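The residues making up each chain are set out below.
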Amino acid sequence: MNNGGSPYRRHRKDVESGDGYEDEHESVYSPFNIVRTKSAPLDRLRRWRQAALVLNASRRFRYTLDLKKEAEKKEIIAKIRTHSQVLRAAIRFQEAGKTPDGSPSVPPSPIPTGDYDVSPEQLAAMTRDHDFAALQNFGGVKGLADKLKTNVDKGIHEDESNILDRKNVFGSNTYPRKKGRSFWMFLLDACRDTTLIILMVAAAASLALGIKTEGIKEGWYDGGSIALAVIIVIVVTAISDYKQSLQFQNLNEEKQNIQLEVVRGGRRVEISIFDIVVGDVIPLKIGDQVPADGVLISGHSLAIDESSMTGESKIVNKDHRTPFLMSGCKVADGYGTMLATSVGINTEWGLLMASISEDNGEETPLQVRLNGVATFIGIVGLVVAVSVLIILLARYFTGHTEDAEGRAQFIAGKTSVGDAVDGAIKIFTVAVTIVVVAVPEGLPLAVTLTLAYSMRKMMADKALVRRLSACETMGSATTICSDKTGTLTVNMMTVVEAYICGKKIDPPSNKAELPSGIVSLLIEGVAQNTTGSVFLPEGGQDVEVSGSPTEKAILQWGLKLGMNFEAVRSESSIIHAFPFNSEKKRGGVAVKRADSEVHVHWKGAAEIVLAACTRYMDINGQLIPLDERKVEYFKKAIEDMAAGSLRCVAIAYRPLKRETVPTDEEELTSWQLPEGDLILLAIVGLKDPCRPGVREAVQLCVKAGVKVRMVTGDNLQTAKAIALECGILGSNADATEPNLIEGKSFRALSDAQRLDVAEKISVMGRSSPNDKLLLVQALRKRGHVVAVTGDGTNDAPALHEADIGLAMGIQGTEVAKESSDIIILDDNFASVVKVVRWGRSVYANIQKFIQFQLTVNVAALIINVVAAVSSGDVPLNAVQLLWVNLIMDTLGALALATEPPTDHLMDRPPVGRREPLITNIMWRNLLIQAFYQVSVLLVLNFRGREILHSQHDPDEHAIKEKNTLIFNAFVFAQIFNEFNARKPDEFNVFKGVTKNRLFMGIVALTVVLQVIIVMFLGKFTTTVRLSWQLWLVSIVIGFISWPLALVGKLIPVPERPFGDYFINLFASCKKPRNRGNED
């Protein structure tokens, strides 16, 4: 059918569709349009809140950022930072005061604690004050390790009793959390709702007057029933909010539960950051967070970013002279191992975290837009309610309002003051309930509900949401820039090919073909030039290899060549290291052997290391110059391996004369490892197969209008082979520039050229993190909503710049995770696609709820206003409207906001973030249902007694019966319409309904409660029991909405949003006025 397409269709003028570029700063033309809430400054959010006239702000902003608390949090952090800096300055001042003989003052002897020769207070003071003299007094790092009963190489013993003992003496690596808000706080918040307060005041006045005029037995019903209904609304709202807050608290705990490696009993084990104890030996590498206060055992080029603690973005180099490491800081470069000396509340980071509470609140784009919609409708409702109030009061006090017997309710001079006030209060209550039903506060609530539900379900789908708005933004994603290794591939590498001594060795670990000299050099290079480790358990169990997948594969290959890891590492020592760098794509070490010779070992991208080689070692162990023919041979070998989707790594070395190596430690720190004139030892090919299901996931993205681009640091030929395997490239014919491009070629383009080329790129090989950032910027300028995956520290800028940053949970560094919006826990691309589905589901569920709620709003408003103005009475009273409000606000939001994602969501293009929230299809569905409900119920209101043949019944009973039927039919119309709202653009509204148990449960609960209200709570709701025939009539009136919705979906709607017509009309009206001003 051609009826204007999906309600989620991208509007052709939408700048997010990739057709044109609009600067995000220029597009903020309305207070309700914060285009990019990611990293939005507080003052911008504050200006928006002030610009938006918001009714019931305490309820509307309950899950957005508390701007006041955020400012206070920054103040506390600044105070703690200042405090720590003042303490350090004081210590340095004390150190300056030396004894008369010029020797430094000796710190007091340690006070033993438990079985340890040092107390937690001394350790905390030493690391907090960076007190080097105290460390020396303990006997340096080695002496301190002995006092803590740990080994700097093997760590602590792994038995539970030892770990428990350390926790008892030195504390655990946790800090007292600020308690979350209690249920009573949420109850208090719900009570602050302006309209509910007014209703409570009206209920109290009605109660007092009722008891005074009719006595306590009969007089309390009117006021009491309103009060009871308000209390139910308050309690249900508070329970809903409280449950969501618990979900957000659990999410925060999950975010802070970092997994890291420690050395215990000589082996590397992965534990939670909360399980670290004093005495633990912790390996650190680039991108890690320092998990506790401690001292450096050993390190190479180790640089720490201490900005999180000092507030200054200064990178601090760490060595044996400045060994103190602060918890919460990040490793900016290099690698090393540290000894944990203080944990939890004994660290500055622990104090800082205990002083501030994690606030998950933030403005999400949908909340911003829905607050705007709710505010606008609320103002309309307020104007209507005030108008109705004025009209009803005028009718009442002029004697035009009649009671059930047709007598005027107010006669000047005859009606008592009490009766007059009672009548006025009833009218006032009607006006207030119009506001209650007109203000759609459920809209922002529905966003929170659907986000909370989606986040919980996404955890099961291996995605941890760090930033709420990322859920909904992911639904608008038009392109995904994905890493290759570990995301599109399984990240389990093995060496399957090797070129050594100028020829191919098959199998790659066949050392019988190799001279012993080259084997020993290879083993030395593999064992020393690595951040991984090998542990040989006692009792002949399998060897345990740890490190990155590439490191593990090369270490396992080394073991097959006969490497004894511990022996090799003890025979020679590293004097300087150049950690692997994603810009240079290689890493190296200088090692001093037992015979005092120095070897420099390099390992990295094959073609880059090969370009730095001038010689290779042949089968006889002779050094042969690399001539052009041999270079071509190796290049061809690299190309062949890359074409077979292998990652190519070259291993080379260079012997150095002792006199060329600096002996002074300071010179050694700044010494650059020689990078040229290398001797090629080996080129190995590592196989990393495609993940199962990735091809299907990529095809699903293509079908959904989301382009997948591979951005990898690997060789272009390897990237091409994997891209063809995954389906990112359709065929070899697609594998040409600019579809396939190298990072350096893209980098060399001008800004304008990059904008053109970025659109066409499918695969970028040999890319640096800066190339990835340039690509993201170019795509965003083209109007794309960009999702980017990243795992390295250098990916942080691209993750931050992207609309949605996706960090890898297994291989990702802490720096990358902190810059991301969502963490993919299993590093799988299929999980990224699931996140897209959930993002679209969030948007679709909100739209379903908008359609449902606005139908109720429009119908209830028109019915009450028309009836009030024409007859001075309303068919739906305060208590009934509060029940309807409960159905559509909390229960409706719960039912529709928790619809699971369907495959249908991936059959449509992405939704533009500036596309109208209420699409033409939704307007059509909404207006048809509202018109039907209003028509039927107004006919019942004005001709109900004739239709029901109750003209001759007592007036009071007849009117109550008619109004009960209207109320019952209205509620059933909403229940049936809730099914229609599930599928705004599909004929089969029942598809998958039984899978959503919550939806079925809420519908059943609503029906049961409606029966109880009508049949047993008539005194409270001013209703009477209905006969089975009238129950049938109510159900039939509701049922008709189903075939009506079916017929309505055959009516075509224009593609151009209805809102555009009004905008153009407004603009054309404005132009003549502006011309008049100019004249």
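Residues numbered from 1 in each chain as written. Predicted model: local features only at pLDDT ≥ 70, side-chain atom pairs only at ≥ 80, totals over all residues. Heavy atoms only, no water.

### Considering the packing of aromatic side chains
Convention followed: Ring geometry is summarised as follows: Phe, Tyr and Trp rings, the Trp one being its six-membered ring, pair when their centres sit within 6.5 Å, and such pairs are stacked at plane angles under 30 degrees, edge-to-face over 60 and tilted between the two. Put simply, DSSP marks the helices as runs of H or I at least four residues long and the strands as runs of E at least two long, and each gets a number from the N terminus on. Exposure categories follow from relative accessible area, calculated using a 1.4 Å probe and restricted to protein chains: below 20% of the type maximum is buried, above 50% is exposed, and the middle band is partly exposed. Definition used: whenever NZ (Lys) or CZ (Arg) falls within 6 Å of the ring centre and also within 35 degrees of the ring normal, the charge is taken to sit over that ring.
Evaluation of the coordinates by the stated rule reveals 18 aromatic pairs. Where Phe976 meets Phe1039, the ring centres are 6.2 Å apart and the plane angle is 85°; that geometry is what we call edge-to-face. Of this pair, Phe976 sits in helix α33 (residues 955-982) while Phe1039 sits in helix α36 (residues 1028-1039), and the two are 63 residues apart along the sequence. Note on Phe976: relative accessible area 12%, which makes it buried. Between the aromatic rings of Phe979 and Phe999, the centroid separation amounts to 5.2 Å while the plane-to-plane angle is 85°, which identifies the pairing as edge-to-face. With Phe979 in helix α33 and Phe999 in helix α34 (residues 997-1016), this pair connects stretches of sequence that are 20 residues apart. Under the relative-accessibility criterion, Phe979 is labelled buried at 10%. Among the aromatic residues, those joined into a ring-pair cluster are Phe976, Phe979, Phe990, Phe999, Phe1039 and Trp1042. Across from the ring centre of Tyr633, 4.5 Å away, lies the NZ or CZ of Lys630, which sits over that ring. Its guanidinium or amino end placed over the ring of Phe634, Lys630 lies 5.9 Å from that ring's centre, counting from NZ or CZ.

### Some thoughts on the sheet that holds strand β23 (residues 763-765)
Inclusion rule: Pairing between strands is defined by DSSP: at least two bridges between the two strands are required. Axes here mean lines fitted to C-alpha atoms, for a helix over just the part in contact, with angles spanning 0 to 180 degrees between N-to-C directions.
Strand order in the open sheet formed by 8 strands is β8-β26-β25-β24-β9-β21-β23-β22, with mixed pairing between adjacent strands. Unpaired on one side and paired on the other, β8 (463-465) and β22 (740-742) mark the two borders of the sheet. Across the sheet, the mean angle from the axis of one strand to that of its neighbour is 20°, orientation sign disregarded. Across 3 bridges, β8 lies against strand β26 (residues 822-824) in antiparallel orientation. For Leu464, the partnering residue across the bridge sits in β26 and is Ile823.

### As for the UniProt feature "transmembrane region" (unreviewed entry) in the protein
Spelled out, the test is: UniProt positions are given in the numbering used here, feature names are shortened, and annotations may be inferred rather than shown by experiment.
Under the UniProt annotation, the feature "transmembrane region" (unreviewed entry) is placed at residues 186-211, 223-242, 373-397, 427-453, 998-1018 and 1030-1051. Structurally, residues 223-242 is divided into 100% helix and 0% strand, and its ends, taken at the C-alpha atoms, are 28 Å apart. Spanning residues 373-397, this segment combines 100% helix with 0% strand, and its end C-alpha atoms are found 36 Å apart.

### Some remarks on the pattern of salt bridges
The condition is simple: We define a salt bridge as a contact between a side-chain nitrogen of Lys or Arg and a carboxyl oxygen of Asp or Glu at a distance within 4 Å.
This model, assessed by the stated rule, comprises 36 salt bridges. Note that Asp907 and Lys703 form a salt bridge whose closest N and O atoms lie 3.1 Å from each other. In this pair, Asp907 is assigned in the loop between α31 (878-897) and α32 (920-947) and Lys703 in helix α23 (residues 694-703), connecting sequence segments 204 residues apart. Glu759 serves as the salt-bridge partner of Arg782, at 3.4 Å between the closest nitrogen and oxygen. One end of the pair, Arg782, is in the loop between α27 (769-781) and β24 (786-790); the other, Glu759, is in helix α26 (residues 751-760), and 23 residues separate them in sequence. For Glu759, a relative accessible area of 25% puts it in the partly exposed group. Each of the salt bridges in this network shares a partner with another, and the network as a whole consists of Asp483, Lys772 and Asp795.

### Looking at the pairing of strand β1 (residues 259-264)
Every regular strand shows the same layout, with side chains that alternate between the two sheet faces. Here 6 bridges tie β1 to strand β2 (residues 267-272), and the two strands are oriented antiparallel to one another. When the sheet's bridge partners are listed, Leu260 is paired in β2 with Ile271. Here β1 folds back onto β2 in antiparallel fashion, the turn holding 2 residues, of which Gly265 has a positive phi close to 65°.

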